[in-house]
Amino acid sequence: SNRWLTFTLEATGGKTFKENCLMHVDVNFGNVVILLPRTVRMTKKSDTAFASFSIKGEPLPDATQSVIVDGDVNFGNLEVRYQY
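Thresholds applied
- Residues numbered from 1 in each chain as written.
- Predicted model: local features only at pLDDT ≥ 70, side-chain atom pairs only at ≥ 80, totals over all residues.
- Heavy atoms only, no water.
- Helix = DSSP H or I, 4+ residues; strand = E, 2+ residues; numbered from the N terminus.
- Buried < 20%, exposed > 50% of the residue type's maximum accessible area, 1.4 Å probe, protein only.
- Polar contact = N/O pair within 3.5 Å; in protein donor to acceptor, adjacent residues only side chain to side chain.
- Pairing = 2+ DSSP bridges.
- Axes fitted to C-alpha atoms, helices over the stretch in contact; angles between N-to-C directions.
- Phe/Tyr/Trp six-rings, centres within 6.5 Å; stacked < 30°, edge-to-face > 60°.
- Lys NZ or Arg CZ within 6 Å of the ring centre and 35° of its normal.

## As for the side chain of N31
Mapping N31 onto the fold places it in strand 3 (residues 31–37). Among the residues examined, N31 registers a relative accessible area of 9% and is labelled buried. In this structure the side chain of N31 is engaged in a polar contact, spanning 3.3 Å, whose partner is the side chain of T6.

Laid out in structure tokens, this is it:
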């Protein structure tokens, strides 16, 4: 089993995001989950070393807001989940 800590950032409560909102996330020896609303399109920018950056789900076809997730992940996992 994975004994690393998992942190979750709940971002689904926001009604609006600044255009091209930048979220910089550093993950070292752990797990981070970012929950996004489907009204936001996410752009992935990452640097990984022995790590993963995955996306589950997808935005709505008419999503007009945008977020850039800049992940620096080392020996861990970063996951973005679109909440339905």
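From this point, things continue past the structure.
## Concerning the sheet that holds strand 2 (residues 21–28)
Consider a sheet: its strands pair through backbone hydrogen bonds, and that pairing is either parallel or antiparallel. The strand order 2-6-4 describes an open sheet built from three strands, whose pairing is parallel. Of all strands in the sheet, those bounded by a partner on one side alone are strand 2 and strand 4 (40–49). Averaged over neighbouring strand pairs, the angle between their axes works out to 15° when direction is ignored. Across eight bridges, the pairing between strand 2 and strand 6 (residues 65–74) is parallel. Across the sheet, residue V25 finds its bridge partner in strand 6, namely G71.

## Focus: the packing of aromatic side chains
Summed over all chains, the structure comprises two aromatic pairs. For the ring pair F50 and F75, a centre distance of 5.2 Å and an interplane angle of 15° mean the geometry is stacked. Placement of F50 in the loop between strand 4 and strand 5 (52–56) and of F75 in the loop between strand 6 and strand 7 (77–83) is noted, with a sequence separation of 25 residues between them. The rings of F29, F50 and F75 are connected pair by pair, giving a single aromatic cluster. Between K44 and the ring centre of F53, over which it is positioned, the NZ or CZ distance is 4.9 Å.

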